[in-house]
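Inside the fold
What follows is each chain in one-letter form.
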Amino acid sequence: MLGSLRARLIVSFALVVALAVFLAGAGALLLLRDQQQETARERYGHLAEPISVNVGAMAQRGETLDQIKQYLKLAATQADVRVLLLDEDALVVFDSQDKLTGKYILSFENRHNVTTVDSKGSRYRWANYEKDGASLTLFSAPTPPDTGTFAPIQYAAVVAIPQSQLASAWLDLVPSLALAGGIALSVSFVVSYFISRSISDPLARITQASIQMSRGDYDVHIPIRGEDEVGRLSEAFNAMAKEVSRSQRMMRDLLANVSHELKTPLTSIQGYSQAMLDGAVQSDEDFRESSRIIHEEANRMRALVDDLLLLSQIESGQVAMQHTHVDLTALLERMLGRFQWSLREAGITSQLDIAAIPHVHGDERRLEQVFSNLIENAARHTPRGGTIKISARKQGDGTIRTSVHNTGSVIPPEDLPRVFERFFQVDRARARKGGSSGLGLSIVAEIVEAHGGSVRAVSDEAHGTEFIVTLPDSTRADLRNGRPTPFDSGRTTRPARRAEAS
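Residues numbered from 1 in each chain as written. Predicted model: local features only at pLDDT ≥ 70, side-chain atom pairs only at ≥ 80, totals over all residues. Heavy atoms only, no water.

On to the layout of surface pockets, then. Of the voids in this model, the second largest pocket is the one considered here, and its volume is about 620 Å³. Surrounding the second largest pocket, 24 residues form its lining, Arg246, Met250, Glu315, Glu421 and Arg422 being those nearest its centre. Ranked by residue count, the leading element in the lining of the second largest pocket is helix 5 (residues 229-278), at nine residues. For the lining of the second largest pocket, the class distribution of residues is ten nonpolar, three polar and eleven charged. (1 Å grid on protein atoms, 1.4 Å probe; cavity = no way out; pocket = protein on both sides within 12 Å on 5 of 7 lines; lining within 4 Å. Points joined across faces, edges and corners; volume = space filled by probe spheres on them. Helix = DSSP H or I, 4+ residues; strand = E, 2+ residues; numbered from the N terminus. Nonpolar A, V, L, I, M, F, W, Y, C, P; charged D, E, K, R; others polar.)

This part covers a nonpolar patch on the surface. On the surface, a nonpolar cluster with roughly 440 Å² of combined accessible area is contributed by Leu179, Ile183, Val187, Val191 and Ile195. As for its position among the elements, Ile183 is in helix 4 (residues 173-214). (Patch = residues over 30% accessible without salt bridge, like charges linked within 9 Å, V, L, I, M, F, W, Y side chains within 5 Å. Areas by Shrake-Rupley, 256 points an atom, 1.4 Å probe, with all protein chains shown as cover. Salt bridge = Lys/Arg side-chain N within 4 Å of Asp/Glu carboxyl O.)

With that settled, consider the nonpolar core. Among the nonpolar cores identified, the biggest contains 48 residues, and Leu332, Phe371 and Leu374 are the most heavily contacted of them. Excluding anything up to four places from it in sequence, Phe371 contacts Leu328, Leu331, Leu332, Met335, Thr402 and Val469. Counting residues in hydrophobic clusters, the runner-up holds 22 residues, among them Val55, Leu72, Ala157 and Val159. (Core = buried A, V, L, I, M, F, W, Y, C linked by side-chain atoms within 4.5 Å. Buried < 20%, exposed > 50% of the residue type's maximum accessible area, 1.4 Å probe, protein only. Contact = heavy atoms within 4.5 Å.)

Here helix 6 (residues 284-315) is 32 residues long and its end C-alpha atoms lie 46 Å apart, about the 46 Å a rise of 1.5 Å per residue gives. Residues of helix 6 that are buried: Ser290, Ile293, Ile294, Glu297, Met301, Leu304, Leu310, Leu311 and Ile314. (Expected span 1.5 Å × (residues − 1).)

A separate point is the packing of aromatic side chains. Under the counting rule described, the total for this entry stands at one aromatic pair. Here Phe420 and Phe467 contribute two aromatic rings whose centre-to-centre distance is 6.0 Å and whose plane-to-plane angle is 85°, an arrangement assigned as edge-to-face. A residue pair is termed long-range when its members are at least 10 positions apart, and Phe420 in the loop between strand 11 (399-406) and helix 10 (428-433) and Phe467 in strand 13 (residues 464-472) qualify at 47 residues. With respect to class, Phe420 is no different from Phe467; both count as buried. (Phe/Tyr/Trp six-rings, centres within 6.5 Å; stacked < 30°, edge-to-face > 60°.)

Now for the environment of Val258. Residue placement: Val258 occurs in helix 5. Sequence separation between Val258 and Met301 is 43 residues; the distance between their C-alpha atoms is 10.0 Å.

Under the defined criterion, the tally for this structure stands at ten salt bridges. The partner of Glu296 in a salt bridge is Arg292, and the shortest N-O contact between them spans 2.5 Å. With Glu296 and Arg292 both in helix 6 and four residues apart, this pair spans about one turn of that helix. Relative accessible area serves as the criterion here: at 42%, Glu296 is assigned to the partly exposed category. A residue is classified by how much of its surface remains accessible, and Arg292, at 36% relative accessible area, is partly exposed. Among the ionic pairs, Arg401 bridges to Glu466, the shortest N-O distance being 3.9 Å. Taken together, the residues span a long stretch of sequence, with Arg401 in strand 11 and Glu466 in strand 13 at a distance of 65 residues.

Interpretation in functional terms is not warranted from these geometric data alone.
The structure is reproduced here in structure tokens:
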């Protein structure tokens, strides 16, 4: 039974409640013990006066001692107490238990040992008697103030209670406390059942979902109920399941895409090499052409493998970024200059629009790779007569916003969220013709994120396509790394400029 979490929670709650009830009951008994003894004394003290009054009335009416004894026997039985009858010399002439008959009871003679109590409009006296093997507490009616005798008549009735009975009067509370404890324990079982259910049921759903994931079913979702720790655990599990599902899908796509990308060059290499081995290539010109194609396809496969290796190293943290202060203005000018010849050949106009910006904090060689890939991607998708524009601005949040914009090409809205996925290509035919492996934008995203920045793409038919890279400037990076002094604060930045090339 205790193997389940719910059972352990129920038992734990019940044990806590039982312990609390026990401690509360013990404390109540300790605090109420004296009060219970006082209450018991009052109860017996109130019996003494009416019995004494009746005995006095019977004696004044001239009834015999035997008649008085008969009355006392009946009163003792009805009240379930022990009754003594003393004469005026304090001699016991009657004992309902026949143990002290003929003995003297002098407890009330010593006024220092007698306690007189006023309670609820009546008065009574009590004193302890310890003699002849008896330990009793005696209760009697008060002595009238106008006489020095024990009672106004020749006989006095005394109620005798064992001292142990008074001392254990607190036991009368035990049944009530036990009943209250039982009710509290029963209620605690019911409440703990529902509480444990609210905890164990979500955990059971998470366990079941984990089992489903272990069997390959990653499309699991746990309903989130509440904002407590269990609710946050369910939310975290759903996020994890979604990420695992995405990773599995990307892994399957990666394997499929790698296989597809390698299949074409391998087929070309195999076909031309087989033709060369079979002697189908006879002339020197055909031999050179076959060798050129084999060499190009081999380079294409090597570039694909190199890109995959770089992505894997960046994701695993094996690529150490060199944290230096990079002049982004000079870097963008240099990158755009590399593509000027190919852009002129393609009939594409380029523009550079950079305001006065501070240095950025990062790895200059990796940032060159970022903007080289973005410019190459823009050139590949810009039609003849189009324009590529590179701009950079400092933003109010301490970051540098750099964009690479090209006209003419448009990315469909449904493809925008996937442009940074590996091997994803909006136009596979054009990408293959241009020699793209589909990994350039993935590399861009990984490098930018490794620099603490972000990259996104926007595209529409009116304005074309723009890739926006946001990087922290050197001052912000220094503050984050615990170096509050801005880099090269005495050096002036380059003035704003606008350059064009065609």
